[in-house]
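Take a look at the letters that make up each chain.
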Amino acid sequence: MSSVDYNMLISTLESTVVTEYVKEDIPVYTYQSEADLEREFIKNLQNQGYEYLNIHNEEELIKWGQRLGSLLQEQDVLVLTGDLGAGKTTFTKGLAQGLGIKQMIKSPTYTIVREYEGRLPLYHLDVYRIGEDPDSIDLDDFLFGEGVTVIEWGELLGESLPDDYLKLTLLKKDDGRELVFESQGRRSQELLEELLHG
């Protein structure tokens with residue numbers, strides 16, 4: 001499955017906000033409500049074959065993270081993407097709870113990597129600062145270690161990512177978040193099925 005083309009989705013949505021046409025030399029504008037826009041957005045996701053969740057608040061985001069965390073196995077890799085403040089670290093707090101981690105989860109923005117101990121070790125990476133130079137840390141130690149790896153801004157790693165990973169994109173909305181899933185590989189597809197339909 002190819003990556004979500006968010007620019008295409010957003011431009012599609014923007015083009016549905018106002019439809020302009022000319023009737024008898026008079027411009028006519030039709031406006032759509034936010035509910036119509038959301039339905040259009042969801043339809044676009046469905047047409048591209050992606051799974052998604054509507055998340056209404058931080059508590060719900062943490063609960064979905066906790067559910068996913070309870071399903072994770074050794075060497076599972078999650079890539080979290082989204083704008084600043086979209087909820088990547090908040091979601092990781094839920095993952096940590098699902099892994100039985102009691103420590104407080106902090107953003108690894110300035111440390112690059114934070115490690116936590118639970119049912120499995122959790123390696124929480126933020127590669128925003130090293131995206132252009134993934135060789136500056138030894139990713140293999142985390143990706144093929146004994147724990148679970150969560151990579152914020154992981155899409156910046158490009159070909160340095162493993163063949164199998166689950167990508168989660170958090171999109172901010174006025175009333176919460178859209179959480180969009182893309183599975184790359186068999187294990188991540190099984191994990192996604194269990195999360196959403198198990």
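Quick notes on the rules
- Residues numbered from 1 in each chain as written.
- Predicted model: local features only at pLDDT ≥ 70, side-chain atom pairs only at ≥ 80, totals over all residues.
- Heavy atoms only, no water.
- Helix = DSSP H or I, 4+ residues; strand = E, 2+ residues; numbered from the N terminus.
- Buried < 20%, exposed > 50% of the residue type's maximum accessible area, 1.4 Å probe, protein only.
- Contact = heavy atoms within 4.5 Å.
- Areas by Shrake-Rupley, 256 points an atom, 1.4 Å probe, with all protein chains shown as cover.
- pLDDT = per-residue confidence, 0-100.
- Pairing = 2+ DSSP bridges.
- Expected span 1.5 Å × (residues − 1).
- Arc of directions from axis to C-beta.
- Polar contact = N/O pair within 3.5 Å; in protein donor to acceptor, adjacent residues only side chain to side chain.
- Axes fitted to C-alpha atoms, helices over the stretch in contact; angles between N-to-C directions.
- Parallel < 35°, antiparallel > 145°, perpendicular 65-115°, else oblique.
- Left-handed = near helix turned anticlockwise from the far one by under 90°.

Student: Looking at this structure, I do not really get the overall build of the protein chain. What am I missing?
Tutor: When you go through the protein chain residue by residue, the secondary structure sums to six helices and nine strands. Burial status across the protein chain gives 46% buried among its 198 residues. The contacts of the protein chain with a sequence gap of at least 6 include a subset with a gap of at least 24, amounting to 61%. Here the protein chain displays about 10900 Å² of accessible surface, and carbon together with sulfur accounts for 46% of that area.

Student: Help me understand unusual backbone geometry in this model?
Tutor: Most peptide bonds take the trans form, and the phi angle of most residues other than glycine is negative. Within the chain, Q75 stands out as a residue other than glycine whose phi angle is a positive 70°. Along the chain, Q75 falls in the loop between helix 3 (58-71) and strand 4 (77-82). Judged by relative accessible area, Q75 falls into the partly exposed class, the value being 37%. Its identity is not glycine, yet W153 carries a phi of approximately 65°, on the positive side. Position of W153 relative to the elements: it lies in the loop between strand 7 (148-152) and strand 8 (165-173).

Student: What is the right way to look at the confidence of the model for the protein chain in this model?
Tutor: Atom-level detail of predicted coordinates should not be read off regions where pLDDT is low. On average, residues of the protein chain score 79 in pLDDT, and 71% of them reach the 70 mark or higher. When mean pLDDT is taken per element in the protein chain, helix 3 scores highest with 96 and strand 1 (residues 18-23) scores lowest with 44. In this model residues 12-23 is a low-confidence stretch, pLDDT under 50, and it forms 27 contacts with partners more than four residues away in sequence or in other chains. Confidence drops under a pLDDT of 50 for residues 27-31, and excluding neighbours within four residues, the segment shows 16 contacts in the predicted structure.

Student: Can you help me understand the pairing of strand 9 (residues 176-184) in this one?
Tutor: Regular strands place their side chains on alternate faces of the sheet. Taken across its nine residues, strand 9 has eight buried, putting it largely inside the fold. Pairing of strand 3 (residues 51-55) with strand 9 involves five bridges; the strand directions are antiparallel. Across the sheet, residue Y52 finds its bridge partner in strand 9, namely V180. Summarising the sheet, strand 8 and strand 9 pair through nine bridges and their orientation is antiparallel.

Student: Looking at this structure, how should I read helix 6 (residues 186-197)?
Tutor: Because an α-helix completes one turn every 3.6 residues, residues spaced three or four positions apart along the sequence face the same direction. Taking 1.5 Å of rise per residue, the twelve residues of helix 6 would be expected to cover 16 Å, and the 16 Å separating its terminal C-alpha atoms lies within 8% of that figure. When we look at burial in helix 6, the residues that qualify are R187, S188, L191, L192, L195 and L196. Take helix 6 and look down its axis: the buried residues cluster within an arc of 150°, on one side only. What points out from helix 6, more than 90 degrees from its buried face, is the exposed set R186 and H197. As for helix 6, its buried residues are in contact with strand 3, helix 3, strand 4, strand 8 and strand 9.

Student: How should I be thinking about helix 3 in this particular structure?
Tutor: For helix 3, built from 14 residues, the straight-helix expectation of 20 Å at 1.5 Å per residue is met to within 8% by its first-to-last C-alpha distance of 20 Å. When we look at burial in helix 3, the residues that qualify are L61, I62, G65, L68, G69 and L71. Considering only its buried residues, helix 3 is in contact with strand 3, strand 4, helix 4 (88-98), strand 8 and helix 6. At the N-terminal end of helix 3, a side-chain oxygen is found 3.3 Å from the backbone nitrogen of E59, two or three residues along, and the residue is N57.

Student: Teacher, can you tell me more about the packing of helix 3 against helix 6 here?
Tutor: Helix packing for two helices is described by the angle between their axes and how far apart those axes are. Two numbers describe how helix 3 lies on helix 6: the axes approach to 10 Å, and their chain directions differ by 130°. Classified by the interaxial angle, the pair formed by helix 3 and helix 6 is oblique. Between helix 3 and helix 6 lies a crossing of right-handed hand. Across the interface between the two elements, W64, R67, L68 and L71 of helix 3 pack against R187, L191, E194, L195 and L196 of helix 6.

Student: Would you mind going over the sheet that holds strand 3 with me for this structure?
Tutor: Strand-to-strand pairing in sheets goes through backbone hydrogen bonds, with the strands running parallel or antiparallel. Pairing is mixed in the open sheet, where seven strands are placed in the order 3-9-8-4-7-6-5. On the outer flanks of this sheet lie strand 3 and strand 5 (113-116), each paired with one strand and no other. On average, each strand axis in the sheet is tilted by 20° relative to the strand beside it, whichever way the strands run. Alignment of strand 6 (residues 122-126) against strand 7, held across five bridges, turns out to be parallel.

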